[in-house]
Amino acid sequence: ETGVTQTPRHLVMGMTNKKSLKCEQHLGHNAMYWYKQSAKKPLELMFVYSLEERVENNSVPSRFSPECPNSSHLFLHLHTLQPEDSALYLCASSQELGWVAEAFFGQGTRLTVV
Amino acid sequence: QKEVEQNSGPLSVPEGAIASLNCTYSDRGSQSFFWYRQYSGKSPELIMSIYSNGDKEDGRFTAQLNKASQYVSLLIRDSQPSDSATYLCAVNIIRVTGGGNKLTFGTGTQLKVEL
(Lines give C-alpha, C1' and ligand atoms only; values in the text may rest on other atoms or scores of the structure.)
Protein backbone atom coordinates (compact mmCIF):
# COMPACT_ATOMS: atom_id res chain seq x y z
CA GLU A 1 0.00 0.00 0.00
CA THR A 2 1.32 3.41 -0.95
CA GLY A 3 -1.10 5.49 1.11
CA VAL A 4 -3.22 6.32 -1.92
CA THR A 5 -6.48 4.37 -2.04
CA GLN A 6 -8.73 4.09 -5.05
CA THR A 7 -12.25 2.71 -5.24
CA PRO A 8 -13.67 0.80 -6.89
CA ARG A 9 -10.86 -1.45 -8.11
CA HIS A 10 -12.93 -2.70 -11.02
CA LEU A 11 -15.87 -1.08 -12.79
CA VAL A 12 -17.97 -2.16 -15.73
CA MET A 13 -20.36 0.45 -17.05
CA GLY A 14 -22.61 0.99 -20.01
CA MET A 15 -22.19 3.93 -22.33
CA THR A 16 -25.25 5.66 -20.89
CA ASN A 17 -24.30 5.21 -17.23
CA LYS A 18 -22.92 7.75 -14.81
CA LYS A 19 -20.32 6.61 -12.32
CA SER A 20 -17.59 8.10 -10.18
CA LEU A 21 -14.08 7.00 -9.28
CA LYS A 22 -12.77 7.92 -5.86
CA CYS A 23 -9.24 8.55 -4.67
CA GLU A 24 -8.14 9.22 -1.11
CA GLN A 25 -4.75 10.03 0.39
CA HIS A 26 -3.80 10.79 3.97
CA LEU A 27 -0.15 11.50 3.29
CA GLY A 28 -0.54 15.23 3.71
CA HIS A 29 0.24 15.76 0.04
CA ASN A 30 -0.81 18.96 -1.70
CA ALA A 31 -0.93 17.78 -5.31
CA MET A 32 -3.15 15.07 -6.81
CA TYR A 33 -3.33 13.64 -10.30
CA TRP A 34 -5.50 11.50 -12.53
CA TYR A 35 -3.72 9.35 -15.12
CA LYS A 36 -5.07 7.04 -17.80
CA GLN A 37 -3.18 3.89 -18.74
CA SER A 38 -4.33 2.09 -21.88
CA ALA A 39 -2.80 -1.04 -23.33
CA LYS A 40 0.25 -0.36 -25.49
CA LYS A 41 0.06 3.39 -24.78
CA PRO A 42 2.08 5.61 -22.46
CA LEU A 43 0.67 6.70 -19.16
CA GLU A 44 -1.35 9.84 -19.93
CA LEU A 45 -1.79 12.67 -17.47
CA MET A 46 -5.42 13.79 -17.42
CA PHE A 47 -5.83 16.29 -14.60
CA VAL A 48 -3.68 17.95 -11.97
CA TYR A 49 -4.88 19.53 -8.75
CA SER A 50 -2.82 21.61 -6.36
CA LEU A 51 -4.36 22.58 -3.04
CA GLU A 52 -7.80 21.66 -4.40
CA GLU A 53 -7.41 23.91 -7.42
CA ARG A 54 -7.27 22.41 -10.89
CA VAL A 55 -4.06 23.53 -12.51
CA GLU A 56 -4.01 21.33 -15.56
CA ASN A 57 -6.51 19.74 -17.93
CA ASN A 58 -4.77 17.93 -20.74
CA SER A 59 -7.43 18.19 -23.46
CA VAL A 60 -9.56 15.58 -21.76
CA PRO A 61 -13.09 15.12 -23.17
CA SER A 62 -15.86 16.66 -21.10
CA ARG A 63 -17.35 13.23 -20.41
CA PHE A 64 -14.62 13.06 -17.74
CA SER A 65 -15.22 15.55 -14.94
CA PRO A 66 -12.83 15.80 -11.99
CA GLU A 67 -13.66 17.09 -8.54
CA CYS A 68 -11.37 17.84 -5.62
CA PRO A 69 -13.45 18.76 -2.56
CA ASN A 70 -10.41 18.85 -0.24
CA SER A 71 -6.72 18.07 -0.39
CA SER A 72 -7.25 14.43 0.63
CA HIS A 73 -9.93 13.44 -1.86
CA LEU A 74 -10.16 13.39 -5.63
CA PHE A 75 -13.03 12.16 -7.77
CA LEU A 76 -13.41 11.45 -11.45
CA HIS A 77 -17.02 11.62 -12.59
CA LEU A 78 -17.81 9.64 -15.70
CA HIS A 79 -20.79 9.95 -18.05
CA THR A 80 -21.66 8.78 -21.55
CA LEU A 81 -18.29 7.10 -21.98
CA GLN A 82 -17.13 5.31 -25.09
CA PRO A 83 -15.62 1.80 -25.36
CA GLU A 84 -12.22 3.36 -26.11
CA ASP A 85 -12.31 4.89 -22.64
CA SER A 86 -11.77 1.43 -21.19
CA ALA A 87 -8.46 1.59 -19.37
CA LEU A 88 -6.74 1.59 -16.00
CA TYR A 89 -7.31 4.92 -14.26
CA LEU A 90 -4.62 5.79 -11.77
CA CYS A 91 -4.72 8.41 -9.08
CA ALA A 92 -1.47 9.76 -7.65
CA SER A 93 -0.39 12.32 -5.12
CA SER A 94 2.83 14.18 -4.40
CA GLN A 95 4.01 16.50 -1.68
CA GLU A 96 4.04 19.47 -4.04
CA LEU A 97 3.39 20.10 -7.73
CA GLY A 98 7.08 20.16 -8.50
CA TRP A 99 7.52 16.66 -7.11
CA VAL A 100 5.35 14.97 -9.74
CA ALA A 101 7.95 12.30 -10.48
CA GLU A 102 8.02 11.26 -6.83
CA ALA A 103 4.26 10.81 -6.72
CA PHE A 104 2.71 7.83 -5.01
CA PHE A 105 0.21 5.96 -7.14
CA GLY A 106 -2.96 4.24 -6.08
CA GLN A 107 -3.73 0.71 -7.24
CA GLY A 108 -5.99 2.02 -9.97
CA THR A 109 -9.50 1.39 -11.16
CA ARG A 110 -9.82 -1.00 -14.10
CA LEU A 111 -12.68 0.47 -16.14
CA THR A 112 -14.52 -1.41 -18.86
CA VAL A 113 -17.10 0.42 -20.95
CA VAL A 114 -19.57 -1.85 -22.70
CA GLN B 1 8.19 10.87 -33.30
CA LYS B 2 7.24 9.64 -29.84
CA GLU B 3 8.39 11.87 -27.01
CA VAL B 4 9.69 8.93 -24.98
CA GLU B 5 10.42 5.71 -26.78
CA GLN B 6 10.95 2.23 -25.35
CA ASN B 7 11.01 -1.22 -26.87
CA SER B 8 7.87 -2.95 -25.61
CA GLY B 9 9.58 -6.32 -25.33
CA PRO B 10 9.22 -8.77 -23.79
CA LEU B 11 12.87 -8.82 -22.89
CA SER B 12 13.79 -12.24 -21.55
CA VAL B 13 16.92 -12.79 -19.50
CA PRO B 14 18.06 -15.78 -17.45
CA GLU B 15 18.23 -15.51 -13.69
CA GLY B 16 21.51 -13.99 -12.58
CA ALA B 17 22.15 -12.17 -15.86
CA ILE B 18 22.24 -8.42 -16.45
CA ALA B 19 19.05 -6.95 -17.87
CA SER B 20 19.51 -3.82 -19.96
CA LEU B 21 16.51 -1.58 -20.58
CA ASN B 22 16.76 1.35 -22.95
CA CYS B 23 14.87 4.57 -23.49
CA THR B 24 15.27 7.49 -25.89
CA TYR B 25 13.60 10.88 -25.68
CA SER B 26 12.99 13.64 -28.19
CA ASP B 27 12.97 16.86 -26.17
CA ARG B 28 16.45 18.25 -25.51
CA GLY B 29 14.93 20.39 -22.75
CA SER B 30 14.33 17.28 -20.63
CA GLN B 31 16.06 17.75 -17.34
CA SER B 32 15.38 14.76 -15.15
CA PHE B 33 14.81 11.12 -15.85
CA PHE B 34 13.07 8.35 -14.01
CA TRP B 35 12.50 4.63 -14.07
CA TYR B 36 9.34 3.07 -12.66
CA ARG B 37 8.59 -0.57 -12.11
CA GLN B 38 5.03 -1.81 -12.61
CA TYR B 39 4.08 -5.34 -11.68
CA SER B 40 1.13 -6.83 -13.53
CA GLY B 41 -2.10 -5.48 -12.11
CA LYS B 42 -0.29 -3.03 -9.83
CA SER B 43 0.54 0.65 -9.91
CA PRO B 44 3.88 2.15 -11.02
CA GLU B 45 6.57 2.52 -8.39
CA LEU B 46 9.55 4.88 -8.72
CA ILE B 47 12.81 2.94 -8.49
CA MET B 48 15.49 5.24 -9.94
CA SER B 49 16.03 8.86 -10.81
CA ILE B 50 18.96 10.46 -12.62
CA TYR B 51 19.65 14.10 -13.36
CA SER B 52 23.16 14.37 -14.82
CA ASN B 53 25.20 12.54 -17.41
CA GLY B 54 26.88 9.35 -16.31
CA ASP B 55 25.95 6.45 -14.11
CA LYS B 56 23.99 6.28 -10.89
CA GLU B 57 24.00 3.09 -8.89
CA ASP B 58 21.50 1.92 -6.26
CA GLY B 59 21.89 -1.66 -5.17
CA ARG B 60 21.45 -3.94 -8.18
CA PHE B 61 20.15 -1.06 -10.30
CA THR B 62 22.25 1.32 -12.37
CA ALA B 63 20.76 4.18 -14.35
CA GLN B 64 22.81 5.64 -17.20
CA LEU B 65 22.19 8.99 -18.86
CA ASN B 66 23.64 10.44 -22.03
CA LYS B 67 22.03 13.78 -22.80
CA ALA B 68 23.98 14.30 -26.01
CA SER B 69 22.50 11.10 -27.42
CA GLN B 70 19.16 11.66 -25.64
CA TYR B 71 19.41 8.22 -24.18
CA VAL B 72 18.75 6.80 -20.73
CA SER B 73 19.08 3.18 -19.67
CA LEU B 74 18.51 0.96 -16.66
CA LEU B 75 20.75 -1.99 -15.88
CA ILE B 76 19.62 -4.65 -13.44
CA ARG B 77 22.45 -6.85 -12.22
CA ASP B 78 21.93 -10.40 -10.94
CA SER B 79 18.37 -10.40 -12.28
CA GLN B 80 15.83 -12.26 -10.19
CA PRO B 81 12.40 -13.66 -11.12
CA SER B 82 10.95 -11.02 -8.80
CA ASP B 83 12.31 -8.37 -11.19
CA SER B 84 9.84 -9.56 -13.84
CA ALA B 85 7.67 -6.53 -14.46
CA THR B 86 7.11 -3.70 -16.90
CA TYR B 87 9.64 -0.88 -16.59
CA LEU B 88 8.46 2.61 -17.50
CA CYS B 89 10.85 5.37 -18.49
CA ALA B 90 9.75 8.93 -17.80
CA VAL B 91 11.33 12.29 -18.53
CA ASN B 92 10.58 15.57 -16.83
CA ILE B 93 10.62 19.04 -18.30
CA ILE B 94 10.57 21.83 -15.78
CA ARG B 95 8.09 24.47 -16.89
CA VAL B 96 8.50 28.05 -15.85
CA THR B 97 4.77 28.72 -16.20
CA GLY B 98 1.74 26.51 -15.93
CA GLY B 99 0.98 23.58 -13.68
CA GLY B 100 4.37 22.45 -12.48
CA ASN B 101 6.56 20.02 -14.34
CA LYS B 102 5.59 17.93 -17.32
CA LEU B 103 6.34 14.24 -16.80
CA THR B 104 6.14 12.21 -19.99
CA PHE B 105 6.14 8.41 -19.95
CA GLY B 106 7.19 5.78 -22.43
CA THR B 107 5.02 2.75 -23.13
CA GLY B 108 7.22 0.53 -20.99
CA THR B 109 9.37 -2.55 -21.55
CA GLN B 110 8.20 -5.88 -20.22
CA LEU B 111 11.03 -7.80 -18.56
CA LYS B 112 10.86 -11.52 -17.93
CA VAL B 113 13.52 -13.14 -15.78
CA GLU B 114 13.53 -16.86 -16.35
CA LEU B 115 14.71 -19.59 -14.00
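To keep things clear, this report deals only with the structure shown in the data block. Treat the numbers as computed from the prediction; the structure is a model and nothing was measured.

Thresholds, definitions, all that
Residues numbered from 1 in each chain as written. Chains lettered and ligands numbered in written order. Predicted model: local features only at pLDDT ≥ 70, side-chain atom pairs only at ≥ 80, totals over all residues. Heavy atoms only, no water. Helix = DSSP H or I, 4+ residues; strand = E, 2+ residues; numbered from the N terminus. Rg over C-alpha atoms; globule rule 2.2 N^0.38 Å. Buried < 20%, exposed > 50% of the residue type's maximum accessible area, 1.4 Å probe, protein only. Areas by Shrake-Rupley, 256 points an atom, 1.4 Å probe, with all protein chains shown as cover. Lys, Arg positive; Asp, Glu negative; His and termini not counted. Charge placed at Lys NZ, Arg CZ, Asp CG, Glu CD. Contact = heavy atoms within 4.5 Å. Buried area = accessible area lost by both parts, 1.4 Å probe. Salt bridge = Lys/Arg side-chain N within 4 Å of Asp/Glu carboxyl O. Polar contact = N/O pair within 3.5 Å; in protein donor to acceptor, adjacent residues only side chain to side chain. Nonpolar A, V, L, I, M, F, W, Y, C, P; charged D, E, K, R; others polar.

## Looking at the overall build of chain B
Now for step 1: Regarding its fold elements, chain B presents zero helices and 11 strands.
Now for step 2: For chain B, the α and β elements follow one another from N to C terminus as β-β-β-β-β-β-β-β-β-β-β.
Now for step 3: In terms of overall size, chain B behaves like a compact globule, its C-alpha atoms giving a radius of gyration of 14 Å where 115 residues would be expected to give roughly 13 Å.
Now for step 4: By its C-alpha atoms, chain B is 50 × 30 × 25 Å across when sized along the principal axes.
Now for step 5: Per-residue burial over chain B gives 44% buried out of 115 residues.
Now for step 6: With the model as given, the accessible surface of chain B reaches about 5,500 Å², and the carbon-plus-sulfur share is 47%.
Now for step 7: With 11 positive and 11 negative side-chain charges, chain B shows a separation of 7 Å between the mean positions of the two kinds.

## A short note on the interface of chain B and chain A
How big an interface is tends to be reported as the loss of accessible area on association of its parts.
Now for step 1: If you look at the interface, chain B gives 19 residues, while chain A gives 19 residues.
Now for step 2: Carbon and sulfur atoms make up 55% of the area that chain B and chain A hide from each other, which totals about 1,500 Å².
Now for step 3: For the pair chain B and chain A, the number of links is zero salt bridges.
Now for step 4: Here chain B is connected to chain A by three residue pairs in polar contact (both at pLDDT 80 or more).
Now for step 5: At the level of elements, strand E4 (32-38), strand E9 (85-93) and strand E10 (102-105) of chain B are the ones that each hand at least two residues to the side of chain B that touches chain A.
Now for step 6: The greatest single-element share of the side of chain B that touches chain A, amounting to three residues, is contributed by E4 of chain B.
Now for step 7: The residue inventory of the side of chain B that touches chain A, partitioned by class, reads eight nonpolar, nine polar and two charged.

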